[in-house]
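Here is how the chains run, residue by residue.
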Amino acid sequence: MARVAIISHRGGSFLWPENSLAAFRKTLLLPLEQAECDVHLSADGAVVVMHDATLDRTTDGTGPVAAQALEALRRWRIRGTGGEGVPTLAELAALFHGAAMRLRVEIKTDAGGRPYPGIVGKTLAVLDAAGIRDRSVLIGFQAPVMAEALAAGGLAGVSWLLEGRALQEIGVDGIVAAARAYGFRDLGFPARSLDTELLARLRGDGFSVNVWGANHREEIARMLALGVDALATDDPPLALAMRR
């Protein structure tokens with residue numbers, strides 16, 4: 001069985017302020033395969049690193065990310081960092097230049113759940129400028145957006161993410177059919193949705209499978225035992241210790 005790759009989810013948010021440069025600096029000290037971040041667009045088209053479509057939860061600002069220009073966004077501080085501002089993807093990508101660890105970038109939607117026009121091209125331009133496109137993976141829930149990333153080429157990977165409700169709404173057959181139609185070969189699921197039967201079916205159909213939400217000892221152990229291709233965790237040191 002191949003070694004399960006471990007991904008620092010949002011930079012390891014159980015340990016460090018999520019999606020902060022401080023978190024990714026700590027993550028880069030660990031022997032991990034990948035680190036995952038999330039990106040949105042500012043009002044003036046800058047690619048910024050944040051999970052939520054609004055500033056409220058993780059910063060001292062309020063309102064949608066997309067409603068403010070980069071200069072305004074930079075004034076808000078990320079909670080728990082001691083004053084670090086909202087980072088750009090360019091700043092984060094610079095940390096990964098020359099690093100062995102891959103950067104995994106989740107393309108998010110705006111506060112209304114709509115894809116940001118042009119976000120794939122802007123993200124790729126940032127990765128190109130940092131010289132890490134070929135060591136970066138783009139992931140996301142919007143199949144057409146991920147198809148755009150796949151068509152662009154030059155990446156280390158593209159993964160289509162699916163919430164657990166997709167299994168209830170269209171079933172495994174529907175997921176497989178859609179993935180094949182778009183040309184996806186890598187699929188991501190919440191860890192709680194994956195079991196031996198589903199993994200075997202997807203592997204049998206030729207897909208690689210990654211999970212997120214494996215954050216505690218029991219779920220990490222279950223994913224390692226299943227032998228998923230990659231697991232994203234908010235506690236990467238724990239997952240590393242358990243993988244050995």
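What you see is a predicted model, and the numbers here were worked out from it, not measured in a lab.

Reading the values: rules and limits
- Residues numbered from 1 in each chain as written.
- Predicted model: local features only at pLDDT ≥ 70, side-chain atom pairs only at ≥ 80, totals over all residues.
- Heavy atoms only, no water.
- Helix = DSSP H or I, 4+ residues; strand = E, 2+ residues; numbered from the N terminus.
- Rg over C-alpha atoms; globule rule 2.2 N^0.38 Å.
- Buried < 20%, exposed > 50% of the residue type's maximum accessible area, 1.4 Å probe, protein only.
- Contact = heavy atoms within 4.5 Å.
- Axes fitted to C-alpha atoms, helices over the stretch in contact; angles between N-to-C directions.
- Left-handed = near helix turned anticlockwise from the far one by under 90°.
- Nonpolar A, V, L, I, M, F, W, Y, C, P; charged D, E, K, R; others polar.
- Salt bridge = Lys/Arg side-chain N within 4 Å of Asp/Glu carboxyl O.
- Pairing = 2+ DSSP bridges.
- Right-handed = clockwise from strand over helix to strand, strands pointing away.

1. A word on the overall build of the chain
Phase 1 of the analysis: If you tally the helices and strands in the chain, you get ten helices and nine strands.
Phase 2 of the analysis: In terms of overall dimensions, the chain is globule-like: its C-alpha atoms have a radius of gyration of 17 Å, near the 18 Å expected for 244 residues.
Phase 3 of the analysis: C-alpha atoms of the chain, sized along the principal axes, occupy 50 × 40 × 30 Å.
Phase 4 of the analysis: In the chain, which comprises 244 residues, the proportion classed as buried is 55%.
Phase 5 of the analysis: Within the chain, counting contacts between residues at least 6 apart in sequence, those at least 24 apart form 56% of the total.

2. Some thoughts on the environment of arginine 74
Phase 1 of the analysis: By secondary structure assignment, the location of arginine 74 is in the loop between helix H2 (70-73) and helix H3 (89-96).
Phase 2 of the analysis: Judged by relative accessible area, arginine 74 falls into the partly exposed class, the value being 32%.
Phase 3 of the analysis: Residues arginine 74 and valine 209, 135 residues apart in the sequence, show an inter-C-alpha distance of 36 Å.
Phase 4 of the analysis: Here arginine 74 is in contact with Gly85, Val86, Pro87, Thr88 and Glu91, once residues within four sequence places are set aside.

3. Examining the packing of H3 against helix H4 (residues 119-130)
The angle between the axes and the distance between the axes are what describe a pair of packed helices.
Phase 1 of the analysis: At a minimum axis distance of 9 Å, the contact between H3 and H4 shows a crossing angle of 35°. With respect to the hand of their crossing, H3 and H4 are arranged in right-handed fashion. Between H3, through Leu89, Ala90, Ala93 and Ala94, and H4, the contact on the second element is made entirely by Thr123, Val126 and Ala130.
Phase 2 of the analysis: Class assignment for the residues of the contact of H3 with H4 results in six nonpolar, one polar and no charged.

4. Some remarks on the pattern of salt bridges
Phase 1 of the analysis: Taken as a whole and assessed by the stated rule, the structure comprises 13 salt bridges.
Phase 2 of the analysis: We note a salt bridge from glutamate 18 to arginine 57, for which the minimum N-O separation is 2.8 Å. Taken together, the positions of glutamate 18 in the loop between strand E1 (5-9) and helix H1 (21-27) and arginine 57 in the loop between strand E3 (47-49) and H2 put the pair 39 residues apart, joining distant regions of the chain.
Phase 3 of the analysis: Exposure remark for glutamate 18: the relative accessible area of 13% places this residue in the buried category.
Phase 4 of the analysis: Here arginine 57 falls in the partly exposed class, since its relative accessible area comes to 42%.
Phase 5 of the analysis: Arginine 201 is the salt-bridge partner of aspartate 173, the closest N and O atoms lying 2.9 Å from each other. Here aspartate 173, found in helix H7 (residues 171-182), pairs with arginine 201, found in helix H8 (residues 196-204); they are 28 residues apart in sequence, far enough to count as distant.
Phase 6 of the analysis: On the accessibility criterion, arginine 201 (32% relative accessible area) is partly exposed.
Phase 7 of the analysis: Counted as one network, the salt bridges with shared partners bring together Arg10, Glu18, Asp52 and Arg57.

5. Re the pairing of E1
Successive residues of a regular strand alternate their side chains across the two faces of the sheet.
Phase 1 of the analysis: Across the five residues that make up E1, a large majority, five, are buried.
Phase 2 of the analysis: What you see with E1 is no split at all: Ala5, Ile7 and His9 on one side and Ile6 and Ser8 on the other are buried throughout.
Phase 3 of the analysis: Inspection of the sheet shows E1 paired to strand E9 (residues 230-233) by four bridges, in the parallel sense. By the bridge assignment for E9, isoleucine 7 is matched with alanine 232.
Phase 4 of the analysis: With three bridges joining them, E1 and strand E2 (residues 34-41) adopt parallel strand pairing. Within E2, the residue paired with serine 8 across the bridge is alanine 35.
Phase 5 of the analysis: At this point the chain moves from E1, through H1, to the parallel E2, and the crossover so formed is right-handed.

6. Observations regarding the pairing of strand E5 (residues 136-140)
Phase 1 of the analysis: Across the five residues that make up E5, a large majority, five, are buried.
Phase 2 of the analysis: Of the two faces of E5, the one carrying Ser136, Leu138 and Gly140 and the one carrying Val137 and Ile139 are both buried.
Phase 3 of the analysis: Two elements, strand E4 (residues 102-107) and E5, share four bridges in a ladder whose sense is parallel. Each residue of the ladder has a partner; that of valine 105, found in E5, is leucine 138.
Phase 4 of the analysis: Note on the crossover from E4 through H4 to E5: the handedness is right-handed.

7. With respect to helix H5 (residues 143-152)
Phase 1 of the analysis: Residues Ala143, Val145, Met146, Ala147 and Ala149 constitute the buried set of H5.
Phase 2 of the analysis: Turning to H5, the residues buried within the fold contact E4, H4, E5, strand E6 (157-161) and H7.

8. Side note on the side chain of histidine 9
Phase 1 of the analysis: Within the secondary structure, histidine 9 sits in strand E1.
Phase 2 of the analysis: For histidine 9, a relative accessible area of 9% translates into the label buried.
Phase 3 of the analysis: Leaving out residues up to four positions away in the same chain, histidine 9 has contacts with Glu36, Ala232, Thr233 and Asp234.

Honestly, that's just the spatial picture; any functional story needs more than this.
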